[in-house]
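Structural features, examined
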Amino acid sequence: MPAAILLGDAALSLKPVPFIEACLSGVKLPKDWWWALIVIKCLAAVGLIAGLWFPGVGITAMIGVIAYFCAAAAAHVRAHFLGSAFWINCLGMLAFSIGVLILTLALN
């Protein structure tokens, strides 16, 4: 499930839909770097999918996803961009990712 969400987010970021464009602009990420987030999300999704066969890879990828959303949260706070994109999208995905990691560790 997290891999599908990341791939969907990456797809929506190829030609950013308005809410993604507003978020990236809101945290003041230069447009020249938007492509890097797509690569990061795709690599994370690949790591999560590989984790179906190699649990250590999946756990490592999920830790990377959590680090990504921690960095995103820090960017939101630094830019004082604390609207619904921060509370719902950023912190929501961070909480979801932490929950998935905890569940994964509990089941392994």
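Residues numbered from 1 in each chain as written. Predicted model: local features only at pLDDT ≥ 70, side-chain atom pairs only at ≥ 80, totals over all residues. Heavy atoms only, no water.

**A few points about the overall build of the protein chain**
Secondary structure assignment for the protein chain yields five helices and zero strands. Each helix and strand of the protein chain, placed in order from N terminus to C terminus, yields the pattern α-α-α-α-α. In summary, the protein chain has a C-alpha radius of gyration of 14 Å against a globular reference of 13 Å for 108 residues, a match within 12%. The principal-axis extents of the C-alpha atoms in the protein chain amount to approximately 40 × 25 × 15 Å. (Helix = DSSP H or I, 4+ residues; strand = E, 2+ residues; numbered from the N terminus. Rg over C-alpha atoms; globule rule 2.2 N^0.38 Å.)

**Brief notes about helix α3 (residues 34-50)**
In this model α3 runs 25 Å from its N-terminal to its C-terminal C-alpha over 17 residues, within 8% of the 24 Å that 1.5 Å per residue would give. Buried residues along α3 sit in contact with α1 (2-14), α2 (18-26) and α4 (55-78). (Expected span 1.5 Å × (residues − 1). Contact = heavy atoms within 4.5 Å.)

**Describing α1**
Helix length check: α1, at 13 residues, gives a terminal C-alpha distance of 19 Å against a target of 18 Å (1.5 Å per residue), a fit within 8%. Among all positions of α1, only Pro-2, Ala-3, Leu-6, Ala-10 and Ser-13 are buried. Down the axis of α1, the buried set is contained in an arc of 100 degrees. They therefore lie on one face. Contacts from the buried residues of α1 go to α2, α3, α4 and α5 (84-107). (Buried < 20%, exposed > 50% of the residue type's maximum accessible area, 1.4 Å probe, protein only. Arc of directions from axis to C-beta.)

**Quick look at empty space enclosed by the protein**
Applying the stated rule across the entire model yields one cavity of 30 Å³ or more. Taken as a whole, the largest cavity holds about 30 Å³ of empty space. Residue assignment for the lining of the largest cavity shows that the elements contributing at least two residues are α2 and α3. For the lining of the largest cavity, the element with the most residues is α3, which contributes four residues. For the lining of the largest cavity, a count of residues per class yields five nonpolar, one polar and one charged. (1 Å grid on protein atoms, 1.4 Å probe; cavity = no way out; pocket = protein on both sides within 12 Å on 5 of 7 lines; lining within 4 Å. Points joined across faces, edges and corners; volume = space filled by probe spheres on them. Nonpolar A, V, L, I, M, F, W, Y, C, P; charged D, E, K, R; others polar.)

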